[in-house]
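Given next are the chains, with one letter for each unit.
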Amino acid sequence: MKRISLTQYLVEEQRQHNTIPAELRLLIEVVARACKTISHSVGKGALGEVLGTAETENIQGEVQKKLDIISNEILLEANEWGGHLAAMASEEMESIHPIPNRYPKGEYMLLFDPLDGSSNIDVNVSIGTIFSVLKAPEGMGQPTEADFMQAGTKQVAAGYAVYGPQTMLVLTTGNGVNCFTLDREMGSWVLTQRDIQIPAKTKEFAINMSNQRHWHAPVQRYIGELLAGDTGPRGTNFNMRWIASMVADVHRILNRGGIFMYPADTRDTSMPGKLRLMYEANPMAFIVEQAGGAATDGKQRIMDIQPHKLHQRVPVFLGSLDEVAVVTGYHNEG
Ligand code: AHM
Ligand code: MG
């Protein structure tokens, strides 16, 4: 097999399709390098003293794990000095992080969830890093949160690294979705899947069933019909998977189809859903759409939502085209 590295892939994309300007290519390479470092820490586990909780809470009031903080630091440090970014924002930081004055500034803005699926860290189950790249608005001065308030359609790149049995990087720059596997001995990302396509039809769904009693009617109806199996209205037996790490669930769906859901529920109307729009839902929606799938908040396309807050939450329904259409249709009826 001829090995194509991430660098070679990006350079060739830039030459052939002109979709990746040199600055963006370098930025993606820095993010990928940071993910390699995070993968190394994750892989050490107890031996690296990286497991367990820190003494702190993040802006969402969630107890931070040591690896949440370590991964955040790795991404900040790796990306600060490269000259490609104007500012960063993270699930683990209340406000945006402008590039310090001692470094040159660039025209991109990076958002990330440094370590997604935190509850899996201490039990050696797959976790990941999610990232999204936006362009800084024309003529931007000192960056503010308002500069980040761009719909998902404005993303110029998005990706995730999944730290599982293998470490993989899944990337889109708006020209399909490609997957790179980390060669741990060589320390390089090798292209292992080109132009991933999500099958439009599926018999597999992912949702945290323990929240069922709190769901709104359209989700109750949809899941009820899936659970009814081949004697129900869908006439099909559906299977369920839930990894509690969106990165790992989305990775499965990219590879063999499926629908992933984290709906809003009746508990708190001011907090719709659990997942965050800017650095979880939008980058995953970009990837899923680029792979031929769909992503909605139940009513509308996620990438069309105009954000109003950095840490805003959103209901998420994404994956195989046909199933996302069914559950979105139920929300929009009547
Ligand atoms: P996190 O960013 O704090 O790790 O939370 C997001 C994660 C998703 O990866 C996953 O799909 C979901 O939370 C799991 O939620 P639950 O605890 O309800 O299973
Ligand atoms: Mg997360």
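Check the entry above for the structure.
Just so we're clear, the structure is a prediction, and the values are computed from it rather than from any experiment.

Enquirer: Describe unusual backbone geometry, naming the residues involved and giving the relevant values.
Expert: Positive phi, close to 60 degrees, is recorded for Asn124, a residue that is not glycine. Take Asn124: it is sitting in the loop between strand 5 (108–116) and strand 6 (127–135). Backbone geometry places Ala244, a non-glycine residue, at a positive phi of 65 degrees. Within the secondary structure layout, Ala244 lies in the loop between strand 12 (239–240) and helix 6 (246–256). Residue class for Ala244 comes out partly exposed when judged on the 16 C-beta atoms lying within 10 Å of it.

Enquirer: So, the sheet that holds strand 5: which residues are in play, and what are the values?
Expert: Spatial ordering of the open sheet is given by 4-3-5-6-7-8-9-10, a layout of eight strands whose pairing is mixed. With one partner strand each, in any of the chains shown, strand 4 (97–98) and strand 10 (188–193) form the two edges of the open sheet. Across six bridges, the pairing between strand 7 (residues 157–163) and strand 8 (residues 167–172) is antiparallel. Within strand 8, the position partnered with Gly159 by the bridge is Leu171. Relative to the sheet, helix 3 (residues 66–80) contacts strand 3 (85–90), strand 4, strand 5 and strand 6, its axis offset from that of strand 5 by approximately 155 degrees. Sheet contacts for helix 7 (residues 277–290): strand 5, strand 6, strand 7, strand 8 and strand 9 (177–183); angle to strand 6, the most-contacted strand, approximately 85 degrees.

Enquirer: Residue-level account of the packing of helix 1 (residues 6–17) against helix 2 (residues 22–44), with values.
Expert: The N-to-C vectors of helix 1 and helix 2 enclose an angle of 160 degrees; their axes lie 10 Å apart at closest approach. Taken together, helix 1 and helix 2 sit at an angle that is classed as roughly antiparallel. Along this stretch, helix 1 crosses helix 2, giving a crossing that reads as right-handed. Counting all contacts with helix 1, which are made through Leu6, Thr7, Leu10 and Gln14, the residues of helix 2 involved are Ala22, Arg25, Ile28, Glu29 and Ala32. Looking at the contact of helix 1 with helix 2, its residues break down into five nonpolar, two polar and two charged.

Enquirer: Before we move on, can you summarise the nonpolar core with the specific residues and values?
Expert: Grouped together as the largest cluster of nonpolar side chains are 93 residues, with contacts concentrated most on Val133, Met284, Val316 and Leu318. For this core, the domains that each give at least three residues are domain 1 (6–193) and domain 2 (204–332). Setting aside residues no more than four positions away along its own chain, Met284 makes contact with Ile130, Met246, Val250, Ala295 and Leu318.

Enquirer: Hey, could you go over the site of ligand 1 for me, with residue numbers and the actual values?
Expert: In the vicinity of ligand 1 lie 13 residues, with Gly117, Ser118, Asn208, Ala244 and Met246 positioned nearest. A breakdown of the residues in the shell around ligand 1 according to their chemical character gives three nonpolar, five polar and five charged. In terms of domain composition, the shell around ligand 1 takes at least three residues from each of domain 1 (6–193) and domain 2 (204–332).

Enquirer: Hey, could you go over the pairing of strand 3 for me, with residue numbers and the actual values?
Expert: With respect to burial, strand 3 is a largely interior element, six of its six residues being buried. Pairing between strand 3 and strand 5: five bridges, direction parallel. The residue bridging Met88 from the neighbouring strand is Leu110, located in strand 5. As judged from the two bridges shared by strand 3 and strand 4, these two strands associate in the antiparallel manner. From the neighbouring strand, Ala87 faces strand 4, where its bridge partner is Pro98. Here strand 3 folds back onto strand 4 in antiparallel fashion, the turn holding six residues.

Basis of the calculations
Residues numbered from 1 in each chain as written. Chains lettered and ligands numbered in written order. Predicted model: local features only at pLDDT ≥ 70, side-chain atom pairs only at ≥ 80, totals over all residues. Helix = DSSP H or I, 4+ residues; strand = E, 2+ residues; numbered from the N terminus. Buried ≥ 20, exposed ≤ 12 C-beta atoms within 10 Å, placed from the backbone. Pairing = 2+ DSSP bridges. Contact = placed C-beta atoms within 7 Å. Axes fitted to C-alpha atoms, helices over the stretch in contact; angles between N-to-C directions. Parallel < 35°, antiparallel > 145°, perpendicular 65-115°, else oblique. Left-handed = near helix turned anticlockwise from the far one by under 90°. Nonpolar A, V, L, I, M, F, W, Y, C, P; charged D, E, K, R; others polar. Core = buried A, V, L, I, M, F, W, Y, C linked by C-beta atoms within 7 Å. Domains from an automatic or database assignment. Near = placed C-beta within 6 Å.

By themselves these figures say nothing about function.
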